[in-house]
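Topology and contacts: notes
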Amino acid sequence: MLSSLINLFFPKTCHACNTILTDNELGICVVCRHELPLTNYHFERPETVKKIFYGRVRLEAATALFYFHKSGRVQQLLHHLKYNGKEDIGRIFGNWLGAELLESPYFESIDVVIPVPVHFKKLKQRGYNQVALFAQQIAKVLNVSYLDDVLLKSRNTKTQVFQSREARFQSVAHSFYVQNINRIENKHILLVDDIITTGATIEACALVLNPEKKMQLSVATIAITHSIFR
Ligand SMILES: [Zn+2]
């Protein structure tokens, strides 16, 4: 009763298109959910994202839930998640991708989920790691552990958006470190991030997580930029 009253005066709106949500819609309206550009890589073309990392990092499996287009719905959703405090978008997408990974043969042997960390100064500024809820939710759905105290960020790298490809690789190359490595020994790790733009962040994390290439490493993100395949 109270919640419907609150809804009447402060209606919840879709994070992507701002239309008013019905009681059954959670965060994102049905229309937007249908129109979000799913990649389906974890079902149909499992090599597609892995190929980006050939010769750089060995991955067991890799996928992204959506394609990222400039000015598209996914961009708006990621922007809200990262800068506007709409942390629950991460939970929604984590549930979504988690359920799909459960159905995918390529992610069956995951033991542990690790989020790409943000620097503690950024964490203080923003109040949360935008990847955390997404990654936690995937771990929950897959029924595996979530570890956010293994991979850490040592340097506060600049926001990458305006940097050249070369500059991005340089600035993230040595900005991560690993502690409690015994907790991930002989495990199949699922490394989780919000977006793959060039692959530089994933590459940098993979190099510190698995320097001797003894472990199994896979990757899952909310989105991947379409232009990376050009
Ligand atoms: Zn919508």
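Residues numbered from 1 in each chain as written. Predicted model: local features only at pLDDT ≥ 70, side-chain atom pairs only at ≥ 80, totals over all residues.

Here the focus is the overall build of the chain. Scanning the chain from N- to C-terminus turns up nine helices and seven strands. Relative to the compact-globule value of 17 Å for 230 residues, the chain shows a C-alpha radius of gyration of 18 Å, a close match. Seen along its three principal axes, the alpha-carbon backbone of the chain occupies a region of about 55 × 35 × 35 Å. (Helix = DSSP H or I, 4+ residues; strand = E, 2+ residues; numbered from the N terminus. Rg over C-alpha atoms; globule rule 2.2 N^0.38 Å.)

Before going further, it helps to examine the nonpolar core. Among the nonpolar cores identified, the biggest contains 57 residues, and Ala64, Ile138, Leu191, Val192, Ile222 and Ala223 are the most heavily contacted of them. Among the secondary structure elements, those contributing two or more residues to this core are β1 (62–68), α4 (73–83), α5 (88–102), β2 (112–115), α7 (132–142), β6 (188–196), α9 (200–209) and β7 (216–225). A per-element tally of this core places α7 first, with seven residues. Residue-level mapping places this core at the junction of two domains, with at least three residues from each of domain 1 (8–37) and domain 2 (39–229). Beyond its immediate chain neighbours, meaning those up to four positions away, Val192 contacts Val113, Ile114, Pro115, Val116, Val131, Phe134, Ala135, Ile138, Ala220 and Thr221. (Core = buried A, V, L, I, M, F, W, Y, C linked by C-beta atoms within 7 Å. Buried ≥ 20, exposed ≤ 12 C-beta atoms within 10 Å, placed from the backbone. Domains from an automatic or database assignment. Contact = placed C-beta atoms within 7 Å.)

The backbone of Asn18 shows a phi angle near 70°, a positive value even though the residue is not glycine. Take Asn18: it is sitting in the loop between α1 (2–9) and α2 (30–35). Among the residues examined, Asn18 registers 10 C-beta atoms within 10 Å and is labelled exposed.

So, on to the sheet that holds β1. Strands in a sheet are paired, the pairing made by backbone hydrogen bonds, and the direction either parallel or antiparallel. What the five strands build is an open sheet, ordered β1-β7-β6-β2-β3; its pairing is parallel. Among the strands making up the open sheet, the edge pair consists of β1 and β3 (145–146). Strand direction decides the pairing type here: β6 and β7, joined by eight bridges, are parallel. Within β7, the residue paired with Leu191 across the bridge is Val219. (Pairing = 2+ DSSP bridges.)

Moving on: the domain arrangement of the chain. Considered domain by domain, the chain is made up of domain 1 (8–37) and domain 2 (39–229). Placing the centre of domain 1 and that of domain 2 at their C-alpha centroids yields a distance of 26 Å.

Now for the pairing of β1. Counted residue by residue, β1 has six buried out of seven residues, so it is predominantly covered. Taken together, the six bridges between β1 and β7 define a ladder with parallel strand orientation. For Tyr67, the partnering residue across the bridge sits in β7 and is Ile224.

Moving on: α5. Spanning 15 residues, α5 covers 21 Å between terminal C-alpha atoms, matching the ideal 21 Å at 1.5 Å per step. Along α5, the positions that sit buried rather than exposed are Ile89, Gly90, Ile92, Phe93, Gly94, Trp96, Leu97, Gly98 and Leu101. Where α5 is buried, its residues meet β1, α4, α7 and β7. (Expected span 1.5 Å × (residues − 1).)

Within the fold, Ile184 resides in the loop between β5 (176–178) and β6. Ile184 sits 34 residues away from Val150 along the chain, and the two C-alpha atoms are 8.2 Å apart. Ile184 has contacts with Val112, Val150, Ile189 and Met215, leaving out every residue within four places of it along the chain.

Below, the discussion takes up α4. For α4, the complete set of buried residues consists of Arg73, Val74, Leu77, Leu78, Leu81 and Lys82. The buried residues of α4 occupy one face: seen down the axis, they fall within an arc of 160°. Close packing links the buried residues of α4 with α2, β1, α5, β6 and β7. Downstream of α4 by a residue or two, Gly85 has a phi angle that is positive, lying close to 70°. (Arc of directions from axis to C-beta.)

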